[in-house]
Amino acid sequence: MSEPLIEIKDLRVEFNVREGVVKAVDGFNLTINRGETVGVIGESGCGKSVTARAILNMVPKPGKVSGEILYHRRAKGAATDGLSRTTEVIDLTKVDPDGETIRQVRGGEIGMIFQEPMSSLTPVYSVGTLINEAVSLHRLSPVKKIGDQITETVQAHRRVTKAEGRAIAIEMLRKVGIPKPNERVDNYPHQLSGGQRQRVMIAIALSCEPVMLIADEPTTALDVSIEAQILDIMRELQESSDMAILFITHNLGVVANMAHEIVVMYMGKAVERAKVQDLFYNPKHPYTQSLLQSIPKLGQKKSGERLASIAGSVPNPFNLPSGCVFHPRCPAFMPGKCDVFTPKWTQVGEEHWANCLLYEEVGK
Ligand code: SF4
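Summary of the structure given here.

Conventions and cut-offs
- Residues numbered from 1 in each chain as written.
- Predicted model: local features only at pLDDT ≥ 70, side-chain atom pairs only at ≥ 80, totals over all residues.
- Heavy atoms only, no water.
- Axes fitted to C-alpha atoms, helices over the stretch in contact; angles between N-to-C directions.
- Helix = DSSP H or I, 4+ residues; strand = E, 2+ residues; numbered from the N terminus.
- Parallel < 35°, antiparallel > 145°, perpendicular 65-115°, else oblique.
- Left-handed = near helix turned anticlockwise from the far one by under 90°.
- Contact = heavy atoms within 4.5 Å.
- Nonpolar A, V, L, I, M, F, W, Y, C, P; charged D, E, K, R; others polar.
- 1 Å grid on protein atoms, 1.4 Å probe; cavity = no way out; pocket = protein on both sides within 12 Å on 5 of 7 lines; lining within 4 Å.
- Points joined across faces, edges and corners; volume = space filled by probe spheres on them.
- Buried < 20%, exposed > 50% of the residue type's maximum accessible area, 1.4 Å probe, protein only.

### Considerations on the packing of helix H7 (residues 194–206) against helix H8 (residues 224–239)
How two helices sit against one another is set out by the angle between their axes and by the gap between those axes.
Argument step 1. Between H7 and H8, whose axes approach to 10 Å, the crossing angle comes to 15 degrees. Taken as axis vectors, H7 and H8 run roughly parallel relative to one another. Between H7 and H8 lies a crossing of right-handed hand. Of the residues in H8, those in contact with Gly195, Gln198, Arg199, Ile202 and Leu206 of H7 are Ile226, Gln229, Ile230, Ile233, Met234 and Leu237.
Argument step 2. Its residues assigned to classes, the contact of H7 with H8 comprises seven nonpolar, three polar and one charged.

### A look at empty space enclosed by the protein
Argument step 1. Throughout the structure, instances matching the rule amount to two cavities of 30 Å³ or more.
Argument step 2. Volume-wise, the largest cavity comes out at about 90 Å³.
Argument step 3. As for the largest cavity, its lining consists of 15 residues, of which Cys324, Cys330, Cys338, Cys356 and Leu357 are closest to the centre.
Argument step 4. Of the residues contributing to the lining of the largest cavity, the split by class is twelve nonpolar, three polar and no charged.
Argument step 5. As for the second largest cavity, its lining consists of Ile8, Phe28, Leu30, Val40, Lys48, Thr51, Ala52, Ile55, Leu246 and Ile248.
Argument step 6. Taken together, the elements giving at least two residues each to the lining of the second largest cavity come down to strand E2 (20–33), helix H1 (48–55) and strand E8 (244–249).
Argument step 7. Top contributing element to the lining of the second largest cavity by residue count: H1, with four residues.
Argument step 8. In terms of residue class, the lining of the second largest cavity is made up of eight nonpolar, one polar and one charged.

### Observations concerning unusual backbone geometry
Argument step 1. Residue Pro62 is reached from Lys61 by a cis peptide bond, and omega for that bond is 5 degrees.
Argument step 2. Its location among the elements puts Pro62 in the loop between H1 and strand E4 (63–76).
Argument step 3. The backbone of Glu217 shows a phi angle near 50 degrees, a positive value even though the residue is not glycine.
Argument step 4. Following the sequence through the fold, Glu217 ends up in the loop between strand E7 (212–216) and H8.
Argument step 5. Owing to a relative accessible area of 8%, Glu217 belongs among the buried residues under this scheme.
Argument step 6. Not every positive phi belongs to a glycine, and Glu351 is a case in point at roughly 55 degrees.
Argument step 7. Along the chain, Glu351 turns up in the loop between strand E11 (345–349) and strand E12 (352–355).

So this is what it looks like as structure tokens:
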């Protein structure tokens, strides 16, 4: 039975800058259950990564966060697996961003992998220093050995000695497919390939046995064969634990293979949410339909034909269109309706919701 791990309720993230207010996330709702993978897709700037940062209470200034992010944390107990079934509920938007609670959650209970591992690994530190930085920023330090970085992360969140931490680091490197992990543990990031560095980031993120992994474009910088290996590793590790994954990407092909459920975002709002099969075979929102039509399909087009693309461009965030913000680009635009009324979240099928006036009666 599904057990909620993270409940995001009416999340709003605004940046008040000189030019005006940007609503990076505008009333976002989502439940992530234990053991499930939720994919979040959308064009650049739609609010996917800001949402991920809000979960970890890492929204940079001058960002203002409101709403709730409820983390259902299992308390330590006497059950056979070491965890009791009682949970405490923590609103991650309300905890001190530098306090003890968020330091336990960030990098310990919730791990995160970013797109570009070299901005995360420091080449000149040993694993320990790298781990410290990884703990706070989830970045690899270029100046530390990768083993030290993993060990420091583990020691920051688990009661282990340095020797035990190193043994865990070697085991994690083996799990993510780094050859000769006993030797590679003493490498600096620059001695590894791009794919290997991303595996090290996954090893760091998973070294504390998180209950959830946030993967933000984790394979975008990698070639397709390495991407397939990384996705296999994530799937295998998820199957061996009850870990949830929040998979953020603009790559529909990748998310189709990984997620149980998909949320489509546009201009800070969720516009459609459904189980993966339903979303791909029966998309309801015109934006989702346009995204799916823009995927190249082998043998579908004669050579020379142009791929379908979404008309227009993403609107100016300081001057959003009235009504439905997608209306200037929408092939199903209804004048006098879509540019006047703001659509609401409407159930359009079993476990399938869309934010579109095609499915609701308005103005009556
Ligand atoms: Fe298109 Fe109107 Fe639906 Fe917006 S509300 S997606 S403009 S049909």
